[in-house]
Amino acid sequence: MLKTYEKAVNMAVQSAQLAMILEVSAYPKPGNVHRTADFKDTKYEHFLASAVAVLPQLQKAATMGIKVALTEIKPSQVGIGALIKEGIVETSRWQRGGNTNLGILTLIIPLVTATTYTFVKDKDFKKLRENIKPFVESTTPIDAVNFYEAIKIAKPGGLGKTDYLDVTDPNSIKQIMMQKVSLYEIFEKASSYDKIAGEWVTSYNITFEIGYPYLQGVYKETGDVNIAIVHTFLKILSAIPDTLIIRKTNLATAQKISEKAKQILDMGGLTTKRGTKLLWEFDKMLRGKGNKLNPGTTADLTTSSLMVAILNGLKP
């Protein structure tokens, strides 16, 4: 089976890996690790290693999408939670930079699965977005438990407390299994304050409605993939206050940063001298205060937008 659909598997996996590498390489991606700037403990090469490390999980996700398309298994049997957890474990084996890709894998794993499913069923990607829905909606309590364990392994920054099945509460996993709460149901609750969870619930609204079309437009206009990625990052940040910044600081601070991103885009960003100067200053400003102003969620959403663009023909 895998040999027959090897092209589909390779396309999905390579698109995901290329998206991860291009996103972290784009510069100056304000407040994040990029090819000219590191954090103290998490560096550019850690992200490159992470993109390579998750190859087995991406291949599994791609294969599962094909199996669902061929009706060999149901969407609920894909094991999205386990694939995310396994990806985090592999990431920790291959690099020492801490959490580099929990948010990315949460977005990319369902996208990879839907990609191969769509390729087999529809032969093109017009239905890619709608085909993500059955995979995330059919997640199980086991997926939820695996995802909680992935969080504990990754130890993401700015992890606060929640009233509903808090990930830091040892009893949460027991409650998930007793109450039979799926990962999708947890994300429904979290979608009001976490934009990655919100992508699952809205069939990747930010990715498909903001990031991907904007990226395509900028790339068509400039012919420069770095400009397209950085400007897409700014576009998403200007439209959506960053979840990670909100968790580490507050909504008002995140909104001010979004306003600044919009100002830089309005100034032309990397296409003008003034915009470029402001962008580098913005990057430097966001790097203070212990990386509390790191727009990490925006970077994850830029990655998923990039993957969709690559699937639709974007080449650096």
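Only a predicted model underlies this, so the values are computations on that prediction, with no experimental measurement involved.

Reading the values: rules and limits
Residues numbered from 1 in each chain as written. Predicted model: local features only at pLDDT ≥ 70, side-chain atom pairs only at ≥ 80, totals over all residues. Heavy atoms only, no water. Helix = DSSP H or I, 4+ residues; strand = E, 2+ residues; numbered from the N terminus. Rg over C-alpha atoms; globule rule 2.2 N^0.38 Å. Buried < 20%, exposed > 50% of the residue type's maximum accessible area, 1.4 Å probe, protein only. Contact = heavy atoms within 4.5 Å. Areas by Shrake-Rupley, 256 points an atom, 1.4 Å probe, with all protein chains shown as cover. Lys, Arg positive; Asp, Glu negative; His and termini not counted. Charge placed at Lys NZ, Arg CZ, Asp CG, Glu CD. Phe/Tyr/Trp six-rings, centres within 6.5 Å; stacked < 30°, edge-to-face > 60°. Polar contact = N/O pair within 3.5 Å; in protein donor to acceptor, adjacent residues only side chain to side chain. Salt bridge = Lys/Arg side-chain N within 4 Å of Asp/Glu carboxyl O.

**Student:** Before we go on, may I ask you to explain the overall build of the protein chain in this structure?
**Tutor:** Along the backbone of the protein chain there are 16 helices and zero strands. Taken over the C-alpha trace, the protein chain has a radius of gyration of 19 Å; the compact-globule value for 316 residues is 20 Å, and the two agree within 12%. Overall size of the protein chain, expressed as C-alpha extent along the three principal axes, is 55 × 45 × 35 Å. Looking at the 316 residues of the protein chain, the share that counts as buried comes to 55%. A sequence separation of at least 24 residues applies to 73% of the contacts in the protein chain between residues at least 6 apart. Accessible surface computed for the protein chain: about 14,000 Å², of which carbon and sulfur atoms make up 53%. Between the centroid of the 40 positive side chains of the protein chain and the centroid of its 30 negative side chains there is a distance of 3 Å.

**Student:** Just to check I follow, could you spell out the packing of aromatic side chains for this structure?
**Tutor:** What describes a pair of aromatic rings is the distance from one ring centre to the other and the angle between the planes of the rings. A complete count under the given rule lists four aromatic pairs for this structure. Each ring, one from F147 and one from F187, has its centre 5.2 Å from the other, and the planes form 85 degrees; the classification is edge-to-face. Here F147, found in helix α7 (residues 141–154), pairs with F187, found in helix α9 (residues 183–190); they are 40 residues apart in sequence, far enough to count as distant. Just as F147 is buried, F187 falls in that class too. Residues F187 and W200 carry aromatic rings whose centres are separated by 4.6 Å and whose planes lie at 65 degrees to one another, so their mutual orientation is edge-to-face. One end of the pair, F187, is in helix α9; the other, W200, is in helix α10 (residues 195–201), with 13 residues separating them in the sequence. Like W200, F187 is buried. The rings of F147, F187 and W200 are connected pair by pair, giving a single aromatic cluster.

**Student:** Can you help me understand the environment of K277 in this one?
**Tutor:** Along the chain, the position of K277 falls in helix α15 (residues 273–286). The exposure class of K277 is partly exposed, given its relative accessible area of 45%. C-alpha of K277 to C-alpha of I264: the two residues are 13 residues apart in sequence and 9.3 Å apart in space. For K277, the side chain forms a polar contact with the side chain of E281, separated by 2.5 Å.

**Student:** Looking at this model, I keep getting lost on the pattern of salt bridges. Mind explaining?
**Tutor:** Note on pairing: side chains with opposite charge can pair once their charged atoms come close. According to the stated counting rule, one finds ten salt bridges in the structure shown. The salt bridge partner of E137 is K133, with a shortest N-O separation of 4.0 Å. Here K133 and E137 lie together in helix α6 (residues 128–137), a separation of four residues that amounts to about one turn. The class for E137 is partly exposed, based on a relative accessible area of 38%. Of the charged contacts, one joins E281 and K277 as a salt bridge, the two residues approaching to 2.5 Å between their closest N and O atoms.

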